[in-house]
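Breakdown of the fold
What follows is the residue order along each chain.
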Amino acid sequence: MRIDVVSIFPDYLSPLQLSLVGKARDAGLLDLRVHDLRDWTTDRHRTVDDTPVGGGAGMVMRPDVWASALDDVLQDGAHLLIPTPSGEPLTQRNAEALATESQLVVACGRYEGIDARVAEHYRARGVRVTEFSIGDYVLNGGEVAALVVVEAVGRLLPGVVGNPHSLVEESHGAAGLLEYPVYTKPPAWAGLEVPEVLMSGHHARIERWRRDQALARTAARRPDMLAALDVGTLDKHDLATLADLGWRVVDGALTRD
Ligand code: SAM
């Protein structure tokens, strides 16, 4: 897969040389290219922004400069991603879908954002454009969101995570639950013991304990996820655990008592 990130602060993306994403680049699994938007400016001051039409605070990024950059960078079939706090939330499902693309181009906004005509223009030209948000807060620029999307998508590419099984039981996976708590050695530390069942060697008991922990953790931290769960994925024991936690199936959906 190829991912292009366009930003006025290309150095902000330098962590993408590190860790699993850095290794994936070195191994040729991910072709990641970072571009400086100012390379497409034509004036002496390398201007990328101007005042908002209609008035108001701050500056807006110019569509002509963005289009010069994007026309050069977008390949046939590319998916253009525009981070913005007003976009649709980025989820694991979106990351899974994006991991099947041939090219992603991330256009990092700054100031008050990118002139709205950029998204409109590329949609009209048949480019798939997704305006996405990484959470309900406002950052200074889209670079952190670009790092997030590269991390989330990059680790799903074949060969990037050494043991693909570690992707299966994770939070926000197919089970629709948060992951259970994890432990390593030593078995006793700071007066805290690893749960005895995990040292029993009894695989079925361990699996059941982990599932119950995942249900309890999701109920406590993300009741919205339980409410959205496909009840057809729950077995009798799950339903009993959930009943103890105060959740029941009503009209085909989990509901809190
Ligand atoms: N005026 C914009 C608004 O209120 O929606 C906020 C602009 S923000 C200061 C500048 C840039 O940061 C945005 O263009 C976007 O690229 C990025 N950004 C800020 N918060 C973000 C978020 N939650 N998710 C994704 N990108 C974000």
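Before reading further, recall that the structure is shown in the block above.
Quantities reported herein were computed from a predicted structural model and do not represent experimental measurements.

For the structure shown, the criterion picks out 20 salt bridges. The salt bridge partner of D212 is R208, with a shortest N-O separation of 2.8 Å. Of this pair, D212 and R208 are both found in helix α6 (residues 203-221), four residues apart, which corresponds to roughly one turn of the helix. R208 gets classed as buried once you look at its relative accessible area, which sits at 19%. Between D257 and R248 there is a salt bridge, and its shortest N-O distance comes to 2.8 Å. Classification of D257 by relative accessible area gives exposed; the value is 61%. For R248, a relative accessible area of 42% corresponds to the partly exposed category. What emerges from the salt-bridge pattern is a single network uniting R208, R211, D212, D235 and D238.

Contact pair α6 / helix α8 (residues 236-244): the axes reach a minimum separation of 10 Å and the direction vectors enclose 45°. On the basis of the axis angle, α6 is oblique to α8. α8 is crossed by α6, and the crossing has right-handed handedness. Contact residues: α6 offers R208, R211, D212 and L215, while α8 offers H237, D238, T241 and L242. For the contact of α6 with α8, the class distribution of residues is two nonpolar, two polar and four charged.

Cut-off values and rules
- Throughout this document, residue positions are counted from 1 along each chain, in the order its sequence is written.
- Selection of residues for local features in this predicted model requires a pLDDT of at least 70, selection of side-chain atom pairs for listing and counting requires 80 or more, and totals for whole chains, interfaces and linings are taken over all residues.
- To get the side-chain values, all heavy atoms of the structure are used, and hydrogens and water are removed first.
- By definition, a salt bridge exists where a carboxyl oxygen of Asp or Glu is found within 4 Å of a side-chain nitrogen of Lys or Arg.
- Runs of E in the DSSP output that reach at least two residues are strands. Runs of H or I that reach at least four are helices, and both are numbered from the N terminus.
- Three labels apply to residues, based on accessible area from a 1.4 Å probe with only protein chains included: buried if under 20% of the type maximum, exposed if over 50%, partly exposed otherwise in between.
- Only the stretch in contact is used when fitting a helix axis, every axis being a line fitted to C-alpha atoms; angles between N-to-C directions are given from 0 to 180 degrees.
- For classification purposes, an angle smaller than 35 degrees is called roughly parallel, one larger than 145 roughly antiparallel, one from 65 to 115 roughly perpendicular, and anything else oblique.
- Handedness of each helix crossing follows the sense of rotation of the near helix against the far helix: counterclockwise by less than a right angle gives left-handed, clockwise gives right-handed.
- For this analysis, residues touch if any pair of their heavy atoms sits within 4.5 Å.
- Three categories are distinguished: nonpolar for Ala, Val, Leu, Ile, Met, Phe, Trp, Tyr, Cys and Pro, charged for Asp, Glu, Lys and Arg, and polar for the others, with Gly belonging to the last.

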